[in-house]
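A closer look at the structure
What follows is each chain in one-letter form.
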Amino acid sequence: MAQYGWIVWAAAMVIFAIAEAATANLVSLWFVGGSLAALITELLGGNIWVQLVVFLVVSGILLALLRPFARRFVTPRRIATNADMALGKEAYVTETVDNLRETGAVKLDGKVWTARSLTGEVLPAGTLIRVVKLEGVKLYVEPARTAAGV
């Protein structure tokens, strides 16, 4: 039975590869390399304990060295848009912002945006506001406080 130990490591490689393909989150890719190293160790005549140590060491090294590098390619990058530039800016309310009535507009950089109050308070037309959040085409705003705390 010991003469077929390579089948166990080959099966482990396939299982880890399938698991990685199913998740694509860099969960088990490292174990594919560890299984390959253990398979080679088995073919060279290493006993089961040597194979297990090789599997763990190679998997650990691959995880430690390659995961940070591979993460850069797997993690999606957030691309800032022109709309994101609205965050933190101040503007004046052009139509009363009332979340209950679902009304409100703000003119910012020459464009009129639908606005909602982040705090839920009604903001009458003419109120100076600060843009806090952007969801789709809606700006979530709060009253801007001046340096004097007004």
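Above this text is the structure in question.
Now for a look at the structure at hand. (Residues numbered from 1 in each chain as written. Predicted model: local features only at pLDDT ≥ 70, side-chain atom pairs only at ≥ 80, totals over all residues. Heavy atoms only, no water.)

Taking 1.5 Å as the rise per residue, helix 1 (residues 5-23) with 19 residues should run 27 Å; its terminal C-alpha atoms sit 28 Å apart, in good agreement. Taken residue by residue, helix 1 has Gly5, Trp9, Ala12 and Glu20 as its buried positions. Buried residues of helix 1 fall within an arc of 65° about the axis and therefore sit on the same side. Exposed residues lying more than 90 degrees from the buried face of helix 1 are Ile15, Ile18, Ala21 and Ala22. (Helix = DSSP H or I, 4+ residues; strand = E, 2+ residues; numbered from the N terminus. Expected span 1.5 Å × (residues − 1). Buried < 20%, exposed > 50% of the residue type's maximum accessible area, 1.4 Å probe, protein only. Arc of directions from axis to C-beta.)

Take the nonpolar core next. Judged by nonpolar contacts, the single largest core of 13 residues is most densely connected at Leu108, Ile129 and Leu139. When residues of this core are traced back to their parent elements, those giving at least two are strand 1 (90-98), strand 2 (103-108), strand 3 (111-117), strand 4 (128-135) and strand 5 (138-143). Sorting elements by how many residues they give to this core places strand 1 first, with 3 residues. (Core = buried A, V, L, I, M, F, W, Y, C linked by side-chain atoms within 4.5 Å.)

This part covers the packing of aromatic side chains. Overall, the coordinates contain 4 aromatic pairs when judged by the stated rule. An angle of 35° between the planes, with centres 5.4 Å apart, marks the rings of Trp9 and Phe55 as tilted. Of this pair, Trp9 sits in helix 1 while Phe55 is found in helix 3 (residues 48-74), placing the two residues 46 residues apart along the sequence. This pair shows no difference in class: Trp9 is buried, exactly as Phe55 is. Measuring from centroid to centroid gives 6.2 Å for Phe16 and Phe55, while their planes differ by 15°, and the two rings are stacked. (Phe/Tyr/Trp six-rings, centres within 6.5 Å; stacked < 30°, edge-to-face > 60°.)

By themselves, these are just geometric observations and shouldn't be taken as functional.
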